[in-house]
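Chain by chain, the residues run as shown.
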Amino acid sequence: MWDVRDRFEARLLEALPAAGFIVSSTGGVTRVEKYGCGAEFRRTSDNHYLMTVSPTILMTGNSLRLWDAGYQNSSLR
């Protein structure tokens, strides 16, 4: 899993619709979507954004999380 701690300037998220991304905001959370994938960001008090949901596949509007318990893996020999 990614651990993204970068802070993104508001102007970067505001430029995404011009690049074909769908950007929507509800209750202080901004969701960015394109090609069935998405990520979520929260605005900070200093007009930056923090990523709260890493880029993931969307299904029926919900973020999916791959669970890797280890036993699904197989080795090629």
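Scroll up to find the structure.
Cut-off values and rules
Residues numbered from 1 in each chain as written. Predicted model: local features only at pLDDT ≥ 70, side-chain atom pairs only at ≥ 80, totals over all residues. Heavy atoms only, no water. Core = buried A, V, L, I, M, F, W, Y, C linked by side-chain atoms within 4.5 Å. Buried < 20%, exposed > 50% of the residue type's maximum accessible area, 1.4 Å probe, protein only. Helix = DSSP H or I, 4+ residues; strand = E, 2+ residues; numbered from the N terminus. Contact = heavy atoms within 4.5 Å. Phe/Tyr/Trp six-rings, centres within 6.5 Å; stacked < 30°, edge-to-face > 60°. Pairing = 2+ DSSP bridges.

A. Main features of the nonpolar core. In terms of nonpolar packing, the biggest core is built from 7 residues, these being Ala-10, Leu-13, Val-32, Ala-39, Phe-41, Tyr-49 and Met-51. For this core, the secondary structure elements donating two or more residues are helix H1 (10-14), strand S4 (37-43) and strand S5 (48-59). Setting aside residues up to four positions removed in sequence, Tyr-49 forms contacts with Asp-6, Arg-7, Phe-8, Ala-10, Leu-13, Thr-30, Phe-41, Arg-42 and Arg-43.

B. View of the environment of Leu-50. Along the chain, Leu-50 falls in strand S5. The exposure class of Leu-50 is partly exposed, given its relative accessible area of 34%. Expressed as a C-alpha distance, the spacing of Leu-50 and Arg-5, which sit 45 residues apart in the sequence, is 7.0 Å. Apart from the residues lying within four places of it in its own chain, the contact partners of Leu-50 are Arg-5, Asp-6, Arg-7, Glu-40, Phe-41, Arg-42 and Thr-44.

C. Geometry of the packing of aromatic side chains. What the rule picks out here adds up to 1 aromatic pair. Consider the rings of Phe-8 and Phe-41, whose centres lie 5.6 Å apart with planes at 90 degrees: the pair is edge-to-face. Residue Phe-8 is located in strand S1 (residues 7-9), and its partner Phe-41 is located in strand S4; the two are separated by 33 residues in the primary sequence. Residue Phe-41 is classed as buried on the basis of its relative accessible area, which comes to 7%.

D. Up close: the pairing of S5. Sheet topology note: the S1/S5 ladder contains 3 bridges and is antiparallel. What sits directly across from Arg-7, in S5, is Leu-50. Bridge count between S4 and S5: 6 bridges; the pairing is antiparallel. For Arg-42, the partnering residue across the bridge sits in S5 and is Leu-50.

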